[in-house]
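Structure at a glance
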Amino acid sequence: MKMEEEKSSFASSSTDDDCVTYYDDDPDKHFDALKMNSSLLTNLLVSSSEPPFSVDKWIELGKHIGTNTHLKYLEIRMDGTDEDDLLRSSETSERFFAGLSSNRSLEKLILQDFIVGHTQLKILKPFFVYNDNLVDIFIDSAYDLPQEAASVMTDALRLRKKESPIKAVSISSCGVTDKSVPAITELAMVCPQLQILDLSFNQVKEGGCDAIAAYLQHPKCKLKKLDLQYNKISNAGIRIIAGSIQSNSRLKTLRVDGNETGGKETSVDVFANLLCDRSSINATCASNHTLQKVTGCDGFPSSKILERLLQVNQMENKIKSAREKIFMFHLEGEFDLAPFERMDLKVVVEVMGWLGKDCILRQRNMSAFYRLLRKFPRQCFGGYLEECELRTRKIEKLEQEVEDLKTSNKRLKCEE
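Residues numbered from 1 in each chain as written. Predicted model: local features only at pLDDT ≥ 70, side-chain atom pairs only at ≥ 80, totals over all residues. Heavy atoms only, no water.

1. Examining the overall build of the protein
A count of helices and strands for the protein gives 18 helices and 10 strands. Residue burial in the protein is summarised as follows: out of 416 residues, 46% are buried. A separation of at least 24 residues holds for 79% of the contacts in the protein among residues at least 6 apart in sequence. Accessible surface, the protein: about 21,600 Å² in total, of which carbon and sulfur atoms supply 50%. (Helix = DSSP H or I, 4+ residues; strand = E, 2+ residues; numbered from the N terminus. Buried < 20%, exposed > 50% of the residue type's maximum accessible area, 1.4 Å probe, protein only. Contact = heavy atoms within 4.5 Å. Areas by Shrake-Rupley, 256 points an atom, 1.4 Å probe, with all protein chains shown as cover.)

And the structure:
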């Protein structure tokens, strides 16, 4: 149950469970509220087993949802029913969705343990095309969701006259394989405001990571959270994902726990290198400074370094994040001074400024400051001295010109 709550909280943006009306608390009252289009009923959770629905009642429920104009949040669970139950039949689900497809008010739709295939989503096509309020779509345990299902949703969203407002898509525990991933990333592409993508508890392997990586590298990708936990992704797949995040400046949360990474130490190293390439100072500056949370890399010695780097990435000023990483890995102990010899004078002066502030404010890096000061005294202060000398010469020149003008004026007065 806890795992289900975590999945739901990751995929759905903001609905407070305390505001949700449970249908089974008073079935007749809530059914009538739906039927009468009551403005008091905005968030509803329905379980097909509590109370047990007849087929006719279930279909009628779908119709009332479709005509309702006040409902914002709808969660429907098909839990507790046998697979041969009439509510699970294709005919019943199609008639239920035919009613629901008329709804234009829902902002969040959560379907759990439904048969959601090509036919059902095709019936829901008007809902995706004409609903301008839909923000979250959560499909959980949909019994091997076929590749065509995501394509149907994509085609529907392309027919919209307005840009899709969808910000979260969850297709969890639906048997998604590598073949289906390109269709899902294509769906993500037609949702330009998408910030959350949940593909957890599926069958995605290394092959599917290529399509995910291509999406993450796309300049229009605005994803902030990506959930890939409990798939079948290997270390090679993790490296593909990490490589694509190198140039991504939006993704903040990545979940990869529960995959087939074998020695997880490799995953830790991959992400640590992503956040801080230590090969050079320039490489550190070009590292990812946005990713703030990675799950599935705990419990190993080097995970402490990764944890520290993720904390550094939480700084709002990314220039400060890069500077902190330079302090951590390039200015500790007996660090190599050779790279500074090749630096432009202005860069060396700026580094000394960083170190000087760090020494004063945090009482650290004093040895690094002292080493650079001894090694490059002229580089550290020469630029300022030369600038002062230049300004002094300009002032002296101006003063001389003023004196010459005064002398000239006196001469002219004497001649008069």
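2. A closer look at the pattern of salt bridges
If charged atoms from side chains of opposite charge come close, those side chains can pair. On inspection of all chains with the given rule, the structure shows seven salt bridges. With a closest N to O distance of 2.9 Å, R77 and E75 form a salt bridge. The exposure class of E75 is buried, given its relative accessible area of 4%. Taken together, the shared-partner salt bridges connect D132, R160 and K162 into one network. (Salt bridge = Lys/Arg side-chain N within 4 Å of Asp/Glu carboxyl O.)

3. As for the nonpolar core
Judged by nonpolar contacts, the single largest core of 86 residues is most densely connected at W58, L61, F128 and F271. Residues in contact with F271, not counting those within four places in the same chain, are I238, A242, L254, V256, L291, V294, C297 and L306. V20, L45, Y73 and I110 belong to the second-largest nonpolar core, a separate cluster that totals five residues. (Core = buried A, V, L, I, M, F, W, Y, C linked by side-chain atoms within 4.5 Å.)

4. Brief notes about the side chain of S164
Positionally, S164 belongs in the loop between α7 (147-158) and β6 (168-172). Judged by its relative accessible area of 3%, S164 is buried. At a separation of 3.3 Å, a polar atom in the side chain of S164 contacts the main-chain amide nitrogen of I166. In contact with S164, other than residues within four places in its own chain, are L157, V190, C191, P192 and Q193. (Polar contact = N/O pair within 3.5 Å; in protein donor to acceptor, adjacent residues only side chain to side chain.)

5. A short note on the pairing of strand β3 (residues 73-77)
Counting buried positions over the five residues of β3 gives four, a clear majority of the element. Judged from the five bridges that link them, strand β2 (residues 43-47) and β3 form a sheet pairing that is parallel. What sits directly across from S47, in β3, is R77. Since β2 and β3 lie parallel, the crossover through helix α3 (residues 55-67) that links them has a hand, and here it is right-handed. Sheet analysis places β3 next to strand β4 (residues 108-112), joined by five bridges and oriented parallel. (Pairing = 2+ DSSP bridges. Right-handed = clockwise from strand over helix to strand, strands pointing away.)

6. Considering a positive patch on the surface
There is a patch of like positive charges on the surface, built from K167, K222, K224, R250 and K252. With respect to the helices and strands, the residue K222 is situated in the loop between α9 (206-217) and β8 (225-227). (Patch = residues over 30% accessible without salt bridge, like charges linked within 9 Å, V, L, I, M, F, W, Y side chains within 5 Å. Lys, Arg positive; Asp, Glu negative; His and termini not counted. Charge placed at Lys NZ, Arg CZ, Asp CG, Glu CD.)

7. Comments concerning the sheet that holds strand β10 (residues 293-295)
Reading across from one edge, β1-β2-β3-β4-β5-β6-β7-β8-β9-β10 is the order of the 10 strands in this open sheet, with parallel pairing throughout. Edge positions in the sheet fall to β1 (21-22) and β10, since each has one partner strand and no second.

8. Re α3
Note: α-helices contain 3.6 residues per turn, so residues at a spacing of three or four share the same orientation. Across its 13 residues, α3 extends 19 Å between first and last C-alpha, which sits within 8% of the 18 Å expected from 1.5 Å per residue. Those residues of α3 that fall on the buried side of the exposure criterion are W58, I59, L61, G62, H64, I65 and G66. The inward-facing, buried residues of α3 contact α2 (27-35), β2, β3 and α4 (90-100). (Expected span 1.5 Å × (residues − 1).)

9. Points about the environment of A283
With respect to the secondary-structure elements, A283 resides in helix α12 (residues 281-285). Between the alpha carbons of A283 and I326 there is a distance of 9.9 Å; along the sequence they are 43 residues apart.

10. Comments concerning the environment of I233
Its location among the elements puts I233 in the loop between β8 and α10 (235-245). Classification of I233 by relative accessible area gives buried; the value is 1%. Sequence spacing of I233 and G207 is 26 residues, and the spatial spacing of their C-alpha atoms is 8.9 Å. When near neighbours in sequence (up to four residues on either side) are disregarded, I233 contacts V204, K205, C209, L228, I238, N259, E260 and T261.

11. Topic: the pairing of strand β5 (residues 136-140)
Within β5, five of the five residues are buried, which leaves the element mostly enclosed by the surrounding structure. Residue alternation in β5 divides its side chains into two sets, D136, F138 and D140 and I137 and I139, and both sets are buried. Here β4 pairs with β5 via five bridges, running parallel. Bridging across to β5, L111 finds its partner in I139. Two elements, β5 and β6, share five bridges in a ladder whose sense is parallel. Residue pairing in the sheet places D140 in a bridge with S172 of β6.

12. As for a negative patch on the surface
Where like charges cluster on the molecular surface, the negative patch consists of D24, D25, D26, D28, D32 and E50. Take D32: it is sitting in helix α2. Accessibility expressed as a relative area gives 43% for D32, which makes it partly exposed.

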